[in-house]
Amino acid sequence: MSRHPVTKWAQRSDRVFLTIELPDAKDVKLNLKPEGHFNFSAKGSDDLPYEFDLKLFDAVNVEESKAVVAPRTICYLIKKAERKWWPRLLKKEGKPPVFLKVDWDKWQDEDDEDVGFNDFGDMDFSKLDMGGADDDDIEEDEDDVVESASKDEGGKIEESKGEDAAAAAEEVKP
């Protein structure tokens, strides 16, 4: 009896990502048909057979689809025949097989596709004030802290320099 490896999936309007988690897979066979029938078989590191058949939601472009067999995973980028979002991966409605899971690392909502995955467009981050003061600002900030810490209860500034300023700052409690 064959086993089913954990398989993760995610999609975009024009493609589906399938990631089959099977470390040290041998004799990997991948078969994708234009009508959306996907067949996988391989032997695991334990020499046990692993396989599954999926009937995908819609037709695919076999020529533009690509597969990569890596040491820990088999990744398949399946190009959709028609650019549209599928409501689910499989043609059959209902609960998917237990070995089939959503790949949250690659997941992107349909609403976010125009923005692009990790795509910030023409945004210029240098115009945002995100902190990260330079050395001159840090020295000025230290002077402000010492000055505010050395104010007495009446709001007057006590004259203190050097080590006395640091001692005064430590003595004042918030």
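Residues numbered from 1 in each chain as written. Predicted model: local features only at pLDDT ≥ 70, side-chain atom pairs only at ≥ 80, totals over all residues. Heavy atoms only, no water.

1. Some words on the nonpolar core
Our working rule: Each nonpolar core is a collection of buried residues, namely Ala, Val, Leu, Ile, Met, Phe, Trp, Tyr and Cys, held together in the definition by side-chain atoms within 4.5 Å. Burial status follows relative accessibility: with a 1.4 Å probe on protein chains alone, a residue under 20% of its type maximum counts as buried, one over 50% as exposed, and anything between as partly exposed. Runs of H or I in DSSP of at least four residues are treated as helices and runs of E of at least two as strands, each being numbered from the N terminus.
Counting residues in each nonpolar core, the largest one holds 23 residues, and the members touching the most others are Leu-18, Phe-38, Phe-40, Leu-54, Leu-56, Ile-78 and Leu-89. Broken down by secondary-structure element, the contributors of at least two residues to this core are strand 2 (15-21), strand 4 (37-43), strand 5 (49-55) and strand 7 (73-80).

2. Comments concerning the packing of aromatic side chains
The following threshold applies: For Phe, Tyr and Trp, where Trp contributes only its six-membered ring, two rings pair if their centres lie within 6.5 Å, and the inter-plane angle classes them as stacked under 30 degrees, edge-to-face over 60, or tilted in between. Working rule: Lys NZ or Arg CZ, within 6 Å of ring centre, within 35 degrees of ring normal, means a charge sits over the ring.
Applying the stated criterion to the full structure yields 7 aromatic pairs. Relative to Trp-107, the ring of Trp-9 lies with its centre 5.7 Å away and its plane at 85°, an arrangement referred to as edge-to-face. Taken together, the residues span a long stretch of sequence, with Trp-9 in strand 1 (residues 6-11) and Trp-107 in the loop between strand 8 (100-102) and helix 1 (135-149) at a distance of 98 residues. In this structure Trp-9 comes out as buried when scored by relative accessible area, which is 10%. Since its relative accessible area comes to 24%, Trp-107 is described here as partly exposed. Counting every residue linked through ring pairs, the aromatic cluster contains Phe-38, Phe-40, Phe-52, Tyr-76 and Phe-99. Of note, Lys-80 hangs over the ring of Trp-85, and the distance from its end group to the ring centre comes to 5.8 Å.

3. Some points on the pattern of salt bridges
Going by this rule: Every case where a carboxyl oxygen of Asp or Glu lies within 4 Å of a side-chain nitrogen of Lys or Arg is listed as a salt bridge.
One pass over the full model with this rule turns up 8 salt bridges. For Asp-14, the salt bridge is made with Arg-83, and the minimal N-O distance between the two is 3.8 Å. Linking Asp-14 in the loop between strand 1 and strand 2 with Arg-83 in the loop between strand 7 and strand 8, this pair joins segments that are 69 residues apart in sequence. For Arg-83, a relative accessible area of 61% puts it in the exposed group. The shortest N-O distance in the salt bridge between Glu-93 and Arg-88 comes to 3.9 Å.

4. Quick look at unusual backbone geometry
With a phi close to 55°, Asp-24 is a non-glycine residue in the positive phi region. Position of Asp-24 among the secondary structure elements: in the loop between strand 2 and strand 3 (26-32). The class for Asp-24 is partly exposed, based on a relative accessible area of 48%. Positive phi values are uncommon outside glycine, yet Asp-47 reaches one of about 65°. Mapped onto the secondary structure, Asp-47 falls in the loop between strand 4 and strand 5.

5. Here's the deal with the sheet that holds strand 6 (residues 60-69)
What counts here: When DSSP finds at least two bridges between two strands, those strands are taken to pair. Between N-to-C directions, angles cover 0 to 180 degrees, with each direction set by a line fitted to C-alpha atoms, over the stretch in contact for helices.
Taken in spatial order, the 5 strands of this open sheet run 6-7-2-1-8, and their pairing is mixed. Edge strands, defined here as strands with exactly one partner in the open sheet, are strand 6 and strand 8. Neighbouring strand axes in the sheet, compared pairwise and without regard to direction, differ in orientation by 20° on average.

6. Here's the deal with the sheet that holds strand 5
A sheet is described by the order of its strands in space; here 3 strands give the open sequence 3-4-5, paired in antiparallel fashion. Both edges of this open sheet fall to strand 3 and strand 5, since each of them pairs with a single strand only. Adjacent strand axes in the sheet meet at a mean angle of 5°, parallel and antiparallel pairs treated alike. Bridging between strand 3 and strand 4 involves 5 bridges; their strand directions are antiparallel. Following the sheet pairing, Lys-26 is matched in strand 4 by Lys-43.

7. Side note on the confidence of the model for the protein chain
As a reminder, the rule being used: A residue's pLDDT is the confidence the predictor assigns to it, expressed on a 0 to 100 scale. Residue contacts follow a heavy-atom distance rule, with two residues in contact if any of their heavy atoms lie within 4.5 Å.
In this model, the protein chain carries a mean pLDDT of 79, and residues with pLDDT of at least 70 account for 64%. Of the regions scoring below 50 in pLDDT, residues 117-121 engages in 5 contacts with residues more than four places distant in sequence or in other chains. Ignoring residues within four places in sequence, the model shows residues 157-161, a span with pLDDT below 50, making 7 contacts including any to other chains.

8. Topic: the pairing of strand 5
By the alternation rule, side chains of strand 5 split into Tyr-50, Phe-52 and Leu-54, which are all buried, and Pro-49, Glu-51, Asp-53 and Lys-55, of which none is buried. Relative to strand 5, strand 4 runs antiparallel, the two sharing 7 bridges. Bridge pairing in strand 5 links His-37 to Lys-55. Between strand 4 and strand 5, which pair antiparallel one after the other, the connecting turn spans 5 residues, and Asp-47 there sits at a positive phi close to 65°.

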